[in-house]
Amino acid sequence: MSYENVNSTLGADFRLAKRPPPALTAKVNAAVSPFIARYGLVIAFLALWQISSTQGWVNPSVFPPLDVIASALWDSLSSGALVDDIAISLQRSGIAFAAAVAIGIPLGLVMGQARIVEQALDPLLQFFRQTSALALYPVFILLLGLGETSKVFVIFWATLFPILLSTIGGVKEVDRKLIEMARTYGASRLTIFRRVVLPASVPAIFVGLRLSATTALLLLIAAEMIGANKGIGFQVMNAQYNFQIPLMFAAILLLALLGLAANAVLVLLQRKLCRWSQPGA
């Protein structure tokens, strides 16, 4: 065998030896493809932001590079400058969200089952639902002052209706055949509510909870931009006034991360409580 044949044979064997097994390649593709399909546009948007800012395609003083924003966020958290603001903002939105849950879910369960109660409260509910919470914020300030009460109440007002309406809709969408079957087997009204109506309404209730959690953070910013000296929303406005643009974007990024974390917690809780409604369960 000639020297060239030996080299070609060894090269082919070497290429075959370096090639990954087909099963491993399939596993990698199966793991990467869903990630790219879900987050590909987000990654592309962030990459475009970073490149366009560093290359001067956009004004970096208005749209700083992402590494500068991340550095500003890290410096603010490590120095403790934003820690108190995070705690205050979470306290305001948490109290409002908890109050909306405590009132919206029981009231929605009652209105979904008692037609008389629904007919009496629905016109008032529809009227207030169409009124923006931000439009009513000056009224809340006149009634409750510029303190914490008005800020918490405006967030509560905005978060109440998604929970309430989702709960009412969830109760009304319960399959009537399930209720009739439970009655046929002699179940009492309380048992039907506890074993049929309430479990079937939980997925719709969680939809309202997720919408309300997002709304709570959105209204939190507006509430803290008026008459506040602490909070993430206040830091956004204060950084904008002082032209600290990286810090402003860092506070906005922090709010987005808090919203994603709240949504992830609710999704995890929904999966735990509603395993029967998951596909393939």
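Refer to the structure presented above.
Values in this document were obtained by computation on a predicted structure and should not be read as measured data.

Re the pattern of salt bridges
Applying the stated criterion across every chain yields a total of three salt bridges. Between Glu148 and Arg92 there is a salt bridge, with its nearest N and O atoms 2.7 Å apart. One end of the pair, Glu148, is in helix 7 (residues 148-172); the other, Arg92, is in helix 4 (residues 83-113), and 56 residues separate them in sequence. The buried category is assigned to Arg92, whose relative accessible area is 4%. Among the ionic pairs, Arg92 bridges to Glu224, the shortest N-O distance being 2.8 Å.

Observations concerning helix 3 (residues 66-78)
In this model, helix 3 (13 residues) spans 18 Å end to end at C-alpha, consistent with the 18 Å of a helix rising 1.5 Å per residue. Within helix 3, the full set of buried residues consists of Ile69, Ala72, Leu73 and Ser76. Relative to the axis of helix 3, the buried residues are bounded by an arc of 100° and lie together on one face.

Side note on the packing of aromatic side chains
Counted under the stated rule, the structure contains eleven aromatic pairs. Among the aromatic residues, those joined into a cluster by ring pairs are Phe127, Phe128, Phe140, Phe153, Phe156, Trp157 and Phe161.

Looking at the packing of helix 6 (residues 133-144) against helix 7
Contact geometry of helix 6 with helix 7 gives a least axis separation of 9 Å together with a crossing angle of 145°. The two elements helix 6 and helix 7 meet at a crossing, and its hand is right-handed. For the pair helix 6 and helix 7, the contacting residues are Ala133, Leu136, Tyr137, Phe140, Ile141 and Leu144 in the first and Thr149, Ser150, Lys151, Phe153, Val154, Trp157 and Ala158 in the second. The residue makeup of the contact of helix 6 with helix 7, split by class, is ten nonpolar, two polar and one charged.

Observations regarding a nonpolar patch on the surface
On the surface, a cluster of nonpolar side chains totalling about 450 Å² of accessible area is made up of Tyr39, Val42, Ile43, Phe45 and Leu46. Of note, Phe45 is situated in helix 2 (residues 22-54).

A few points about unusual backbone geometry
Here Phe243, not a glycine, exhibits a phi torsion of approximately 55°, which is positive. The class of Phe243 is exposed, set by a relative accessible area of 56%.

Quick look at the nonpolar core
Val154, Ile155 and Leu209 are the most contacted members of the largest nonpolar core, which has 40 residues in total. At the level of elements, helix 4, helix 6, helix 7, helix 8 (176-184) and helix 9 (189-224) are the ones that each hand at least two residues to this core. When neighbours within four sequence positions are excluded, Val154 is seen to be in contact with Ala133, Tyr137, Phe140, Leu219 and Ala223. One finds Ile69, Leu82, Ile86 and Ala239 within the second-largest nonpolar core, a separate group that totals 18 residues.

Conventions we followed
What you see as residue numbers is a count from 1 along each chain, following the sequence as written. Residues qualify for local features only when their pLDDT is at least 70, as the model is predicted, and side-chain atom pairs are given and counted only at 80 or more; totals for whole chains, interfaces and linings, by contrast, use all residues. The basis for every side-chain value is the complete set of heavy atoms in the structure, and neither hydrogens nor water enter the calculation. In the sections that follow, a salt bridge refers to a side-chain nitrogen of Lys or Arg positioned within 4 Å of a carboxyl oxygen of Asp or Glu. Secondary structure elements follow DSSP: runs of H or I no shorter than four residues count as helices, runs of E no shorter than two count as strands, and numbering proceeds from the N terminus. For every residue, the accessible area obtained with a 1.4 Å probe (protein chains only) is divided by the maximum for its type, and the residue is called buried under 20%, exposed over 50%, and partly exposed between those limits. Expected helix span is given by 1.5 Å per residue-to-residue step, counting one fewer step than there are residues. As used here, the arc belongs to the directions running from the helix axis to the C-beta atoms. Side-chain rings of Phe, Tyr and Trp, where Trp is taken by its six-membered ring, are said to pair if the distance between their centres is within 6.5 Å; with planes under 30 degrees apart they count as stacked, over 60 as edge-to-face, and otherwise as tilted. Between the N-to-C directions of two axes lies an angle of 0 to 180 degrees, each axis being a line fitted to C-alpha atoms and, for a helix, fitted only over the stretch in contact. Should the near helix be turned anticlockwise from the far one by less than a right angle, the crossing is left-handed, and should it be turned clockwise, the crossing is right-handed. Every residue pair with non-hydrogen atoms within 4.5 Å of one another is taken to be in contact. Residues were grouped as follows: Ala, Val, Leu, Ile, Met, Phe, Trp, Tyr, Cys and Pro as nonpolar; Asp, Glu, Lys and Arg as charged; and all remaining residues, including Gly, as polar. What goes into a patch is any residue over 30% in relative accessible area without a salt bridge, connected to like charges within 9 Å or, for nonpolar side chains (Val, Leu, Ile, Met, Phe, Trp, Tyr), within 5 Å. Calculation of accessible area relied on Shrake-Rupley with a 1.4 Å probe; when residues are assessed, cover is drawn exclusively from the protein chains displayed. Here, nonpolar core means buried Ala, Val, Leu, Ile, Met, Phe, Trp, Tyr and Cys residues that are tied together by side-chain atoms lying within 4.5 Å of each other.

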